[in-house]
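# Coordinate inspection notes
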Amino acid sequence: MKKKVIQIKTREEVKFSTLAKGEIHHFHMHVSGNAFGTPWKIPVIAAIGKKSGPTLGITAALHGNELNGIFTIHKLFNSIDPKTLCGNLIAVPVVNVPGFLNKKREFSDGKDLNRYMPGRAKGTSSEMYNHFFTEKIVRNFDYLLDLHTASFGRINSLYIRADLNNPVCKTLAYLQNPQIIVQKYDDEGTLRAWANAENIPCITIEIGNPHTRQHELVDDTLHGLLNTLRYYKMIPGVVKDYMETSVVCESSSWIYSYTGGIIEVFPALTERVQKDQLIARVHDVFGNLKQKIFADRDGIVIGKNIDPVCEAGSRILHLGNYKDKA
């Protein structure tokens, strides 16, 4: 018996309201041209509900080496029935197609796409790519969950960055199933900042480490995405409270090494660090100790450096500033 071949079409434009209801659609969206004279094609998965409801957008791999979000999206669409879905669930499993193909964080022109949102119709290659991505796809969303991971040489906990002063963003953050939530105002040029400015409430979900598949973190993220769908009555079920085990931080910042050499960073992810605790040692190439690094404050470890080769001025430990629950 021959296996059915699924034909994936490429679209120049799409009105999601015109897609068949009660079905999951797969297609590529043409966003801009590459050096081969063919279009860059962004993959889109769209579940169109039979009943009315909001449109929840989910994006992943805006940095090409951030893969955990891709696997989360795959599991999410395997977990829903479009025939009982209210509203639309639209996902982009890989935003940065050239970065993904090259196993790199950056776009083909070496730029970080998440510093040049929403791009320009007539600009650099990364700006044009961003422009058509935001205009053709993201503008269709009512809410956006943007999935990321750490960059090469670092590891992350499962944590959320959100402007908790925005009540809708706070709701989105508290519906998830993270280890840590960090109050973070929107940085100019990011997808999150642009979406929030366009009244598309958006949070960033950081799912662990780059260029790997972490099943437990993927599953924990999936629970939060399904919880979001339940809250907005897009799927049936009871909304769950995951905040009992989450730590909310009022801010966060990095501790740096100002001595170059070979470094070892000691604290584990989500570990509570005390001020003046030894957090790292730096040696030269002969094995001589050059510096001991101590925490300058209390905090919880959100992310850390795991690259032993350390230049002066390198980030080594990302600490969140939190208050214990009463």
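Residues numbered from 1 in each chain as written. Predicted model: local features only at pLDDT ≥ 70, side-chain atom pairs only at ≥ 80, totals over all residues. Heavy atoms only, no water.

### Describing the layout of surface pockets
- By volume, the largest pocket is sized at about 590 Å³.
- As for the largest pocket, its lining consists of 28 residues, of which Arg115, Tyr159, Arg161, Glu206 and Arg315 are closest to the centre.
- Where the lining of the largest pocket is concerned, the elements lending two or more residues are strand S6 (143-148), strand S7 (154-156), strand S8 (158-162), helix H5 (191-197), strand S10 (202-207), strand S11 (247-257) and strand S18 (314-322).
- Among the elements that take part in the lining of the largest pocket, S11 stands out by supplying four residues, more than any other.
- Tallied by class, residues from the lining of the largest pocket come to four nonpolar, 13 polar and eleven charged.
- Considering the residues around the second largest pocket, the lining is formed by 15 residues, among which His26, Pro43, Ile45, His74 and Pro93 are closest to the centre.
- Listed by contribution, the elements that provide at least two residues to the lining of the second largest pocket are strand S2 (23-33), strand S3 (39-48) and helix H1 (68-79).
- A per-element tally of the lining of the second largest pocket places H1 first, with five residues.
- Counted by class, the lining of the second largest pocket contains eleven nonpolar, four polar and no charged residues. (1 Å grid on protein atoms, 1.4 Å probe; cavity = no way out; pocket = protein on both sides within 12 Å on 5 of 7 lines; lining within 4 Å. Points joined across faces, edges and corners; volume = space filled by probe spheres on them. Helix = DSSP H or I, 4+ residues; strand = E, 2+ residues; numbered from the N terminus. Nonpolar A, V, L, I, M, F, W, Y, C, P; charged D, E, K, R; others polar.)

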